[in-house]
Amino acid sequence: NAGVMQNPRHLVRRRGQEARLRCSPMKGHSHVYWYRQLPEEGLKFMVYLQKENIIDESGMPKERFSAEFPKEGPSILRIQQVVRGDSAAYFCASSPRLSETQYFGPGTRLLVL
Amino acid sequence: AQSVSQHNHHVILSEAASLELGCNYSYGGTVNLFWYVQYPGQHLQLLLKYFSGDPLVKGIKGFEAEFIKSKFSFNLRKPSVQWSDTAEYFCAVKGNRDDKIIFGKGTRLHILP
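Basis of the calculations
- Residues numbered from 1 in each chain as written.
- Chains lettered and ligands numbered in written order.
- Predicted model: local features only at pLDDT ≥ 70, side-chain atom pairs only at ≥ 80, totals over all residues.
- Heavy atoms only, no water.
- Patch = residues over 30% accessible without salt bridge, like charges linked within 9 Å, V, L, I, M, F, W, Y side chains within 5 Å.
- Areas by Shrake-Rupley, 256 points an atom, 1.4 Å probe, with all protein chains shown as cover.
- Salt bridge = Lys/Arg side-chain N within 4 Å of Asp/Glu carboxyl O.
- Helix = DSSP H or I, 4+ residues; strand = E, 2+ residues; numbered from the N terminus.
- Pairing = 2+ DSSP bridges.
- 1 Å grid on protein atoms, 1.4 Å probe; cavity = no way out; pocket = protein on both sides within 12 Å on 5 of 7 lines; lining within 4 Å.
- Points joined across faces, edges and corners; volume = space filled by probe spheres on them.
- Nonpolar A, V, L, I, M, F, W, Y, C, P; charged D, E, K, R; others polar.
- Contact = heavy atoms within 4.5 Å.
- Buried area = accessible area lost by both parts, 1.4 Å probe.
- Polar contact = N/O pair within 3.5 Å; in protein donor to acceptor, adjacent residues only side chain to side chain.

## Here's the deal with a nonpolar patch on the surface
- Residues A:Val12, A:Leu111 and A:Leu113 make up a contiguous nonpolar surface patch of about 250 Å² in total accessible area.
- Topologically, A:Leu113 is positioned in the segment after strand E11 (108–112).

Have a look at this one:
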């Protein structure tokens, strides 16, 4: 059973460009969570999605960030007009149900030049 | 406010030394507790978890943790560390009906051969 997959593993963008981060949950998992890890910090929750629905986006910045989890395909975290402060590792996790253990992917390390 | 505090940011030990990493949390209500480990260049892996039952939890690779409800603590222990335990360790808490995991800032453990 493949684990949580994320791509790309590393992404370099210039200020003002868009970043698209993809996450494929583990097979049988319909709950997806995105977290961000800034340098020297722990992971911080961003958003929780189920198929086609955003359930909790209390950790998402109000502007430039959006997330989706379509009926078919991976979950996407989209950052528009990136700034240097967006440089971080973005982790996706999935679980089969809300109260179950979350399993993490390898992360996407975003560097904004 | 919900938070997790890890007592040490960096710990250096020699092989065969005993390890205890401190973790305290602040959270109202029933909690689930986790320790995750991130080996160099690898993704976050679940080391052990507490949901209910015996407060002494045994995880992989000889690690264990004890949930002391009265102290709001979930310290991680290992009686004899190995060089391969060099990694970053994250303590985390989640409400048992909540979606987001709250992470501590992590403890970087370096084991000297």
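Continuing now.
## Overview of the pairing of strand E6 (residues 44–50) of chain B
All names here are of chain B.
- Where strand E5 (residues 31–38) and E6 come together, 6 bridges link them in antiparallel fashion. Of the residues in E6, the one forming a bridge with tyrosine 36 is leucine 46.
- Turn length for the E5-E6 hairpin, with the two strands adjacent in sequence and antiparallel, is 5 residues, and the turn residue glycine 41 shows positive phi of about 75°.

## Digging into the layout of surface pockets
- Looking at the largest pocket, its volume works out to about 440 Å³.
- In this structure, the largest pocket is lined by 24 residues; those nearest its centre are A:Gln37, A:Arg109, B:Gln38, B:Glu88 and B:Arg108.
- Going through the elements one at a time, strand E9 (88–95) of chain A together with strand E2 (10–14), strand E10 (87–95) and strand E12 (107–112) of chain B are the ones with two or more residues in the lining of the largest pocket.
- Classifying every residue of the lining of the largest pocket gives 10 nonpolar, 8 polar and 6 charged.

## Examining the interface of chain A and chain B
- Residue-level contacts link 22 residues of chain A with 22 residues of chain B.
- Roughly 1700 Å² is buried in total at the junction of chain A and chain B, and carbon and sulfur atoms are behind 52% of that figure.
- Its largest share of buried area at the contact with chain B, chain A owes to A:Leu43, A:Thr101 and A:Phe104, together 29% of the area lost on that side.
- The interface formed by chain A and chain B contains 2 salt bridges.
- When the shortest N-O distance is used, the salt bridge between B:Lys105 and A:Glu41 registers 3.8 Å.
- Counting across the chain A and chain B interface gives 5 residue pairs in polar contact (both at pLDDT 80 or more).

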